[in-house]
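Notes for the structure review
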Amino acid sequence: MGRAVRRGELLRWLGWLVVANTLVLSLIALRYLDVGDLADGWAARTFGVAMFFAHFLSVALIPLLPVMLLALIAPLRHVVVPLAWAINVVLSCLLLVDTVVFQQYRFHLSGALVSLFFSDASAETFEFSTLMKIQAGLIALGVALAHAVLARLVWRFVTRTPHRRDGYAVAGAFVVLLLGTNLYHAYADAAGRGAVTRQTQLLPGYEPLTAKGFLADRGYEVARAPRTETDGGALDYPREPLDTHRPAERPNILFIVIDSWRGDAMNARVSPRIAEFARENTRFTRHYSGGNATRMGMFSLFYGIPGTYWQSALNSSTRPALVDRLQALGYDFGIFRSAPLSSPEFDRTLFAHMPDLRMESEGHSSPARDIDANRDFIAYLDDRDPATDPPFFGLVFHDSPHAYDLPDDAPRPFQPSWDAVNYLSLDEDTDPTGLHNLYRNSVHFVDGLIGKVFDKLEAEGLMDETIVIVTGDHGQEFNDLGLNYWGHNGNFSRYQTRVPMIVHWPGRSEPGRRVEHLTSFFDVAPTLLDHALGVDNAYRATSVGHDLFEPAERLPLIMARYRRHAAMTEDGFIEFPPIGPVKAVDRDYRPREDGPSPAAIKNTLEQMTRFRETD
């Protein structure tokens, strides 16, 4: 095995291995068609089929280029063969994982997601059952064995056909395939043929050639489609210096947030303590998050602007106007999050430049960390001296429903209930009852913890001087639409974005009041700035929101996730994918024949550019 072999022989083996792995990856990628379709029409369909082979040719070839260079320099079979085998195993496993992610959430793996999985916060962020880990391990083992067999078969083919020249013809065909698909995509994009370009969203990391700018600069007429990304540009937030006065009173402000708390999981059975609290205060019954994931939900809650600005705020470490104003008024901060404060990077956004942040909770599970965060907040209140200490801003953020978890000895009133969730078992035929009941049991557990916070506030006489906001960062879906969506981060429907909102505001909220008009997280920060923190600017200076307590025209309502966003309208949603044209769906995420409203698109883009520097 250690002898040097002919360079040509080893390079031929690597070349044919690329061909074989292109076919393997393309076959795996057919799983994307379970939730997406190739376009109709012979030209668009032909491009779609060619797109699969061309993209996975690139995926199979590029990682092996360094191995080919190594084979050219030092043709050692015992080094080159295992290295090529390992690369192909990793590629296949990553693609399999991506197909699972795409089927459930409709987005692809990203560098940020992969790095998060391998970070120190992985254990707190991703919680998998033992059965799922065993299944994943067996699948990985099977992939490794299959690639070992494939490598052996390709080696036998190469050694038994030393004089065949078929490889040159295949290489030439692949060059034509790569050039043809890219050139045709550039033409389709310039001509506005969305049926062609939309297919590229099926494949991970596919960035085909576009030439609109090149053609337009040379006088050619190109289709003018709405922009789908406005991530560029520096952040201009707030849009003007805050005009302020010192408020007569400085109330304490407390945000209590439950991760993945969907709107219909707030009732007397699921969350009895919070339901009792809601009956004594004001409940907003049509309240929406600004996203379908923690990052974007919390961003919209604190900043009052769409999650499409997240990356710019992170890059510049720009804090919310709400937090800046609280600090200017001398508030003390008590931040108690179950999951690490750095995942997502709230220590570099919501609470940037703030010293002595409590970065994480203790415990080896979400329930244990929830208990720790809740206990530490109550201890924080114990340590305060109301006669001398400044007012406080508090955040208590529970995570257990996100993990579908609760302590072994906690009550489980909803049955039948699963004991754990196996994401690999979820599909369109799965009965959601057991998983949904597990989720509700977890919310019921967190409700008991929050009840202890209510009790403490009452015992210390703080309710009369504290604004308490109880909500969820986003919702959670259990295939409610019948489209095989599970959890969150998959679509922007009411199941993943509508959340409870209960407000206790001394002198402003009313016991038993139910606010029926549409509200969102974009309304919370500007309402606090206006009515509690002495900011006199118009709401447009700091947010896209309105007074939480007053009816207003709030649509379109922008909702974001990691690389995608949508606008909720009267008729449904306008989705803005990272690549390709916008598309319109109804409230149940079925395609709409009338297409997106140009006025709604214009309004959406205005909100997404309002806080960008234009000079």
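Running from N to C, helix α14 (residues 321-328) and helix α19 (residues 524-531) cross one another at 30°; their axes reach a closest spacing of 9 Å. Classed by the angle they form, the pair α14 and α19 counts as roughly parallel. As α14 packs across α19, the resulting crossing turns out to be left-handed. Residues Ala321, Leu322 and Arg325 of α14 pack against Ala525, Leu528 and Leu529 of α19. Taken together, the residues of the contact of α14 with α19 break down into five nonpolar, no polar and one charged.

Here the focus is the environment of Asn537. With respect to the secondary-structure elements, Asn537 resides in the loop between α19 and β12 (557-560). When the C-alpha atoms of Asn537 and Ala321 are compared, they prove to be 12 Å apart, with 216 residues separating the residues in sequence. Setting aside chain neighbours within four positions, we find Asn537 in contact with Glu240, Pro241, Leu242 and Asp243. Side-chain polar atoms of Asn537 contact the backbone nitrogen of Asp243, separated by 2.6 Å.

A few words on the sheet that holds strand β13 (residues 565-568). If you trace the four strands from one edge of the open sheet to the other, you get β12-β13-β14-β15, paired in antiparallel fashion. Both outer strands of the open sheet, β12 and β15 (583-585), are each paired with one neighbouring strand and no more. Shown here is a sheet whose adjacent strand axes are inclined to one another by a mean of 25°, direction ignored. As judged from the four bridges shared by β12 and β13, these two strands associate in the antiparallel manner. Bridged to Ile558 within β13 is Ala567. Packing against the sheet, helix α20 (residues 598-609) makes contact with β12, β13 and β14 (573-576), and its axis sits at approximately 55° to β14.

Turning next to the nonpolar core. Counting residues in hydrophobic clusters, the biggest one holds 69 residues, and the most contacted among them are Phe255, Phe302, Phe351, Phe393 and Leu395. Sort the elements by how many residues they give to this core and helix α12 (residues 294-303) lands first, with six residues. Apart from residues no more than four positions distant in its own chain, Phe255 is found in contact with Leu301, Phe302, Leu322, Phe393, Gly394, Leu395, Val396, Ile469, Val524 and Leu528. With 46 residues, the next largest nonpolar core counts Leu14, Ala71, Val81 and Trp155 among its residues.

Moving on to the pattern of salt bridges. In the structure shown here, the tally under the stated rule is 22 salt bridges. Asp264 serves as the salt-bridge partner of Arg262, at 2.7 Å between the closest nitrogen and oxygen. For Glu516, the salt bridge is made with Arg514, and the minimal N-O distance between the two is 3.7 Å. Note on Glu516: relative accessible area 45%, which makes it partly exposed. A network of salt bridges, in which partner residues are shared, links Arg358, Asp372, Arg375 and Asp376.

Our focus in this paragraph is a negative patch on the surface. Negative charge collects at one region of the surface, where Asp34, Asp427, Glu428 and Asp429 lie side by side. Relative to the helices and strands, Asp427 resides in the loop between α16 (400-403) and α17 (433-459).

Turning our eyes to something else, we now look at the packing of aromatic side chains. When we look at a pair of aromatic rings, we describe it by the centre distance and by the angle of the planes. What the rule picks out here adds up to 29 aromatic pairs. Aromatic pair Phe377 and Phe392: ring centres 6.4 Å apart, planes at 65°, arrangement edge-to-face. Here Phe392 lies in strand β5 (residues 392-398) and Phe377 lies in helix α15 (residues 366-383), a separation of 15 residues in the sequence. Note on accessibility: Phe377 and Phe392 belong to one class, buried. Among the aromatic residues, those joined into a ring-pair cluster are Tyr237, Phe299, Tyr303, Tyr309, Trp310, Phe346 and Phe611. Sitting over the face of the ring of Trp505, Arg508 holds its NZ or CZ atom 5.7 Å from the ring centroid.

What follows deals with α19. Three or four residues apart is the spacing at which side chains of an α-helix point the same way, because the helix has 3.6 residues per turn. For α19, a buried count of six out of eight residues is recorded, marking the element as mostly surrounded by other parts of the structure. Of all the positions in α19, only Val524, Ala525, Pro526, Thr527, Leu528 and Leu529 are classed as buried.

Moving on, we come to the side chain of Ser442. As for its placement among the helices and strands, Ser442 is situated in helix α17. Look past the residues within four positions of Ser442 in its chain and what remains in contact with it is Ser400, Pro401, Asp405 and Leu406.

In regular strands, side chains alternate between the two faces of the sheet. Covered by surrounding structure in β12 are Leu557 and Met559 together with Ile558 and Ala560, the residues of both alternating faces. What sits between β12 and β13 in their antiparallel hairpin is a turn of four residues.

As a further point, take unusual backbone geometry. The omega torsion across Gln415 and Pro416 is 0°, close enough to zero to call that bond cis. Residue placement: Pro416 occurs in the loop between α16 and α17. A cis amide bond links Leu555 to the next residue, Pro556, at an omega of 0°. Positioned with a positive phi, Ser317 is a non-glycine residue whose angle comes to about 50°. Residue Ser317 is classed as partly exposed on the basis of its relative accessible area of 22%. Despite not being glycine, Asn489 shows a phi value in the positive range, around 70°. Given the relative accessible area of 6%, Asn489 is considered buried.

The rules behind these values
Residues numbered from 1 in each chain as written. Predicted model: local features only at pLDDT ≥ 70, side-chain atom pairs only at ≥ 80, totals over all residues. Heavy atoms only, no water. Axes fitted to C-alpha atoms, helices over the stretch in contact; angles between N-to-C directions. Helix = DSSP H or I, 4+ residues; strand = E, 2+ residues; numbered from the N terminus. Parallel < 35°, antiparallel > 145°, perpendicular 65-115°, else oblique. Left-handed = near helix turned anticlockwise from the far one by under 90°. Contact = heavy atoms within 4.5 Å. Nonpolar A, V, L, I, M, F, W, Y, C, P; charged D, E, K, R; others polar. Polar contact = N/O pair within 3.5 Å; in protein donor to acceptor, adjacent residues only side chain to side chain. Pairing = 2+ DSSP bridges. Core = buried A, V, L, I, M, F, W, Y, C linked by side-chain atoms within 4.5 Å. Buried < 20%, exposed > 50% of the residue type's maximum accessible area, 1.4 Å probe, protein only. Salt bridge = Lys/Arg side-chain N within 4 Å of Asp/Glu carboxyl O. Patch = residues over 30% accessible without salt bridge, like charges linked within 9 Å, V, L, I, M, F, W, Y side chains within 5 Å. Areas by Shrake-Rupley, 256 points an atom, 1.4 Å probe, with all protein chains shown as cover. Lys, Arg positive; Asp, Glu negative; His and termini not counted. Charge placed at Lys NZ, Arg CZ, Asp CG, Glu CD. Phe/Tyr/Trp six-rings, centres within 6.5 Å; stacked < 30°, edge-to-face > 60°. Lys NZ or Arg CZ within 6 Å of the ring centre and 35° of its normal.

Treat this as a map of the structure, not an account of what it does.
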